[in-house]
Amino acid sequence: MPPAVLVEGLQKRYGDVDAVKDVSFTIEAGEIFGLLGPNGAGKTTTIRCLCTLSTPDAGRVEINGRSVLDNPALARQQLGYIAQEVALDKVLTGRELLQLQAALYHMPAKVARDRIQQMIELLELTAWADKKSGIYSGGLKKRLDLALGLLHQPDVLVLDEPTVGLDIETRSAVWQFLRQLKAAGTTVLLTSHYLEEVDALSDRVAIIDQGKVIASGTPSDLKSRVGGDRITLRIREFTPDDEADKAKDLLQTLPCVEEAIVNDAQGNSINLVVTAQSDALMTVQQALKETGLPMFGISQSRPSLDDVYLAATGRTLMDAEIAAAGSRDLKAERKQAMKGA
Amino acid sequence: MSTTLTPKPKLSLDNPELRQWKAELSDSSATATPGLFSAAFLQETIAMTRRLFIQLQRRPSTLVAGVIQPVMWLILFGALFQNVPQGLFGESQNYGQFLGAGIIVFTAFGGALNAGLPVMFDREFGFLNRFLVAPLASRYSIVAASAVFIAAMSMVQTAAIIGLSAVLGAGLPDLAGLGLVVLIVLTLVLGVTALSLGLSFALPGHIELIAVIFVTNLPLLFSSTALVPLSFMPQWLRIVASLNPLTYAIEPIRYIYLHPGSWGLTSVVMAAPLGDVKMGDALAILLGFCMISLALIQPLLRRRIA
């Protein structure tokens, strides 16, 4: 059986921006697949190419073994797409929007009526279905959006940043709902720049950075691949460069330390990768004490997906976010995306 | 209001009826798009049109303004030129009678020219993506829905203008004439709506679209025969006006008004610089304009993937 989704060697340029340089992944039927990466990494562009909103410059995109480019109508019938920003017509009621959506997928009247009622009950919209969507809260809007995307019971549901800007309650409701969907056999592709979201939901993950897939696999595989535990050490709240370098050089000589870097984005904290032995934390503390350097704080953790990202790119996801936020021209990108193909 | 979703084991995500319908659908070659003359096209067009009418019903100000505006044109312009010596405006007995046809066409044209704006806003808000990711029979349903809506608006406006003109002494066309007026307005609306929607797909944003509408609207009015006849214009403007598609909607309507019961397809409705234009010629030119508009926007509708 072909994979539910296949993306291979995808490339897409907008003007002189290489939005996607080389993205490949496959999603098996019934999986939740996460595309993780900082803003501007090319996640949305990848999704747009999958959902027939943009034409790729190169590469294969297939749903259930059929090319999206050659069979756009079939792909559209099989895909449900939930954009990052909920776009509703505020003058229409939830039910009217669902009726419109049903007609766009050419559902027969009776099938549509029953299905709309089913989705309204499922997403607990009953009290609101006949009120204008303009008065809905953010959480309600997202639920209606989910109902709209799922109305035609797609094989593959694609969600772009499904919980950005949502309150915590709605966020956990969305998570729970996605798990229910998976249990019901729907294949789910979601993008996120939230580590915990991808970690908690995804069966498999592709980490994407600057238009390329830099790592992929199950979250636990990815984490175990980057080695032992992490120790983050701060000599002072904001450590001077010379002290940080001195401590780094010292700690690097310890047998339990595999790798040490000074993270200047976090006040020159020292990030260590240590062998999975239990007394590493104590050894490090002891060594530091002997040099007479002070200690502001120290913590040890299992590797996270962020460490996977750090190992591949040399920066944390948060740093990438901050860097991207400074260098991106969001307005220009939006315009480019609107221009489409 | 609670935002948590309590799991409901009794409610299933699956809908067997829907699944069966989908299975039948993919059996009957879902790969082929149904196209323009299908039940699917009709269904999606009706649904999109319904949305526009719901909007109008809940925000009726557009309709109110849409009727008031041409009425003001008719009254104010009519009064401005009320004392123009008889004979300057061809066979018309008074300027009010002359002006009616121009206002009917200009009003329908203005409405159709603005049709792209809501679509542009849908595009900017991301709502249009719902249409673009759906397996539409044809994206011409987006055009058709707007055209039906604008046409309905234009009919109400046209009725108001014809009614007021009659009160102002312009008389009424005969019944067949009224039918032809409706057809002319509908053809013009379809053609201009298509162009406007094409612009809403091609231009970067609503600011640019408004700018284009702004520089198109009044110049097209003044370079047509809406306000004065060809014979009144300097030579260069006559040439421009005889190239303006609005002229080919205005002159037949004006002729129908002036010759109730005696007009025909071979009646000469206008003496253009390049020769006389018959009623049939004008209608053919109008139809041609409409067809070319519809064909022109096809690549724009397809652009984001066929």
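So, here is what we can say about the structure in this document. (Residues numbered from 1 in each chain as written. Chains lettered and ligands numbered in written order. Predicted model: local features only at pLDDT ≥ 70, side-chain atom pairs only at ≥ 80, totals over all residues. Heavy atoms only, no water.)

### Quick look at the sheet that holds strand 13 (residues 269–274) of chain A
All names here are of chain A.
Here is step 1: The four strands lie next to each other as 12-13-11-14, forming an open sheet whose pairing is antiparallel. Both outer strands of the open sheet, strand 12 (257–263) and strand 14 (297–301), are each paired with one neighbouring strand and no more. Here the average twist between neighbouring strands, direction ignored, is 15 degrees.
Here is step 2: When strand 11 (residues 229–234) meets strand 13, the two strands line up antiparallel, connected through five bridges. Pairing of Asp229 across the sheet is with Val274, part of strand 13. (Pairing = 2+ DSSP bridges. Helix = DSSP H or I, 4+ residues; strand = E, 2+ residues; numbered from the N terminus. Axes fitted to C-alpha atoms, helices over the stretch in contact; angles between N-to-C directions.)

### A word on the pattern of salt bridges
Any two side chains of opposite charge can pair, so long as their charged atoms come close to each other.
Residues and elements named next belong to chain A.
Here is step 1: Throughout the structure, instances matching the rule amount to 21 salt bridges over all chains.
Here is step 2: In this structure, Glu31 engages Arg204 in a salt bridge whose closest nitrogen and oxygen atoms are separated by 2.6 Å. You can see Glu31 sitting in the loop between strand 2 (17–27) and strand 3 (32–36) and its partner Arg204 sitting in strand 9 (residues 204–209), a full 173 residues away along the chain.
Here is step 3: Look at Arg204 and you get partly exposed, because its relative accessible area is 23%.
Here is step 4: One network of salt bridges, with partners in common, ties together Glu8, Arg60 and Glu62. (Salt bridge = Lys/Arg side-chain N within 4 Å of Asp/Glu carboxyl O. Buried < 20%, exposed > 50% of the residue type's maximum accessible area, 1.4 Å probe, protein only.)

### Details of the interface of chain B and chain A
Here is step 1: With 55 residues of chain B at the interface, the matching set in chain A holds 70 residues.
Here is step 2: For the pair chain B and chain A, the summed buried surface comes to about 5800 Å²; carbon and sulfur atoms form 58% of the total.
Here is step 3: There are four salt bridges connecting chain B and chain A.
Here is step 4: Here Glu96 of chain A ties to Arg58 of chain B by a salt bridge, and the two come within 2.7 Å at their closest N and O atoms. (Contact = heavy atoms within 4.5 Å. Buried area = accessible area lost by both parts, 1.4 Å probe.)

### Describing the packing of aromatic side chains
Any pair of aromatic rings gets described here by the distance separating the centres and the angle formed by the planes.
Here is step 1: Across all of its chains, the model carries 11 aromatic pairs over all chains by this definition.
Here is step 2: With 5.1 Å between their ring centres and 20 degrees between their planes, Phe25 of chain A and Phe33 of chain A make a pair best called stacked.
Here is step 3: Judged by its relative accessible area of 1%, Phe33 of chain A is buried.
Here is step 4: Directly above the aromatic system of Trp128 of chain A lies the positively charged group of Lys131 of chain A, at a separation of 5.6 Å from the ring centroid.
Here is step 5: The cationic tip of Arg254 of chain B hangs over the ring face of Phe98 of chain B; the distance from NZ or CZ to the ring centre is 3.4 Å. (Phe/Tyr/Trp six-rings, centres within 6.5 Å; stacked < 30°, edge-to-face > 60°. Lys NZ or Arg CZ within 6 Å of the ring centre and 35° of its normal.)

### Considerations on the packing of helix 3 (residues 94–104) of chain A against helix 2 (residues 39–58) of chain B
Relative placement of two packed helices is described by the angle separating their axes and the distance separating the axes.
Here is step 1: Contact geometry of helix 3 of chain A with helix 2 of chain B gives a least axis separation of 8 Å together with a crossing angle of 160 degrees. One finds that helix 3 of chain A runs roughly antiparallel with respect to helix 2 of chain B. In this structure, the crossing between helix 3 of chain A and helix 2 of chain B has a hand that is left-handed. Contacts between helix 3 of chain A and helix 2 of chain B involve Glu96, Gln99, Leu100, Ala103 and Leu104 of chain A from the first element and Gln43, Glu44, Ala47, Met48, Arg50, Arg51, Ile54 and Arg58 of chain B from the second.
Here is step 2: Across the contact of helix 3 of chain A with helix 2 of chain B, the residue classes break down as six nonpolar, two polar and five charged. (Parallel < 35°, antiparallel > 145°, perpendicular 65-115°, else oblique. Left-handed = near helix turned anticlockwise from the far one by under 90°. Nonpolar A, V, L, I, M, F, W, Y, C, P; charged D, E, K, R; others polar.)

### Here's the deal with the environment of Gly110 of chain B
Residues and elements named next belong to chain B.
Here is step 1: Within the fold, Gly110 resides in helix 4 (residues 95–113).
Here is step 2: Classification of Gly110 as buried rests on a relative accessible area of 12%.
Here is step 3: For the pair Gly110 and Ser92, spaced 18 residues apart in sequence, the C-alpha to C-alpha distance is 25 Å.

### Some points on the nonpolar core
Here is step 1: Phe25, Val158, Leu178 and Leu189 of chain A together with Phe131 and Leu188 of chain B are the most contacted members of the largest nonpolar core, which totals 174 residues.
Here is step 2: When neighbours within four sequence positions are excluded, Leu188 of chain B is seen to be in contact with Val105, Phe109, Leu246, Ala249, Leu286 and Phe289 of chain B.
Here is step 3: Core analysis: the second largest hydrophobic core is formed by 17 residues, Ala247, Leu254, Leu272 and Val284 of chain A among them. (Core = buried A, V, L, I, M, F, W, Y, C linked by side-chain atoms within 4.5 Å.)

### As for the pairing of strand 12 of chain A
Here is step 1: In this structure, strand 12 of chain A lies alongside strand 13 of chain A, joined through six bridges in antiparallel fashion. Paired with Ala260 of chain A across the bridge in strand 13 of chain A is Leu272 of chain A.

### A few points about a nonpolar patch on the surface
Here is step 1: Taken together, the side chains of Val64, Ile68, Met72, Ile75, Leu76 and Leu168 of chain B present a nonpolar region at the surface, about 550 Å² in accessible area.
Here is step 2: Here Ile75 of chain B lies in helix 3 (residues 61–80). (Patch = residues over 30% accessible without salt bridge, like charges linked within 9 Å, V, L, I, M, F, W, Y side chains within 5 Å. Areas by Shrake-Rupley, 256 points an atom, 1.4 Å probe, with all protein chains shown as cover.)

### Regarding the side chain of Lys12 of chain A
All names here are of chain A.
Here is step 1: Secondary-structure assignment places Lys12 in strand 1 (residues 5–14).
Here is step 2: With a relative accessible area of 2%, Lys12 lands in the buried category.
Here is step 3: At 2.8 Å, the side chain of Lys12 forms a polar contact with the backbone oxygen of Thr55. (Polar contact = N/O pair within 3.5 Å; in protein donor to acceptor, adjacent residues only side chain to side chain.)

Read these as layout, nothing more, since geometry by itself doesn't imply function.
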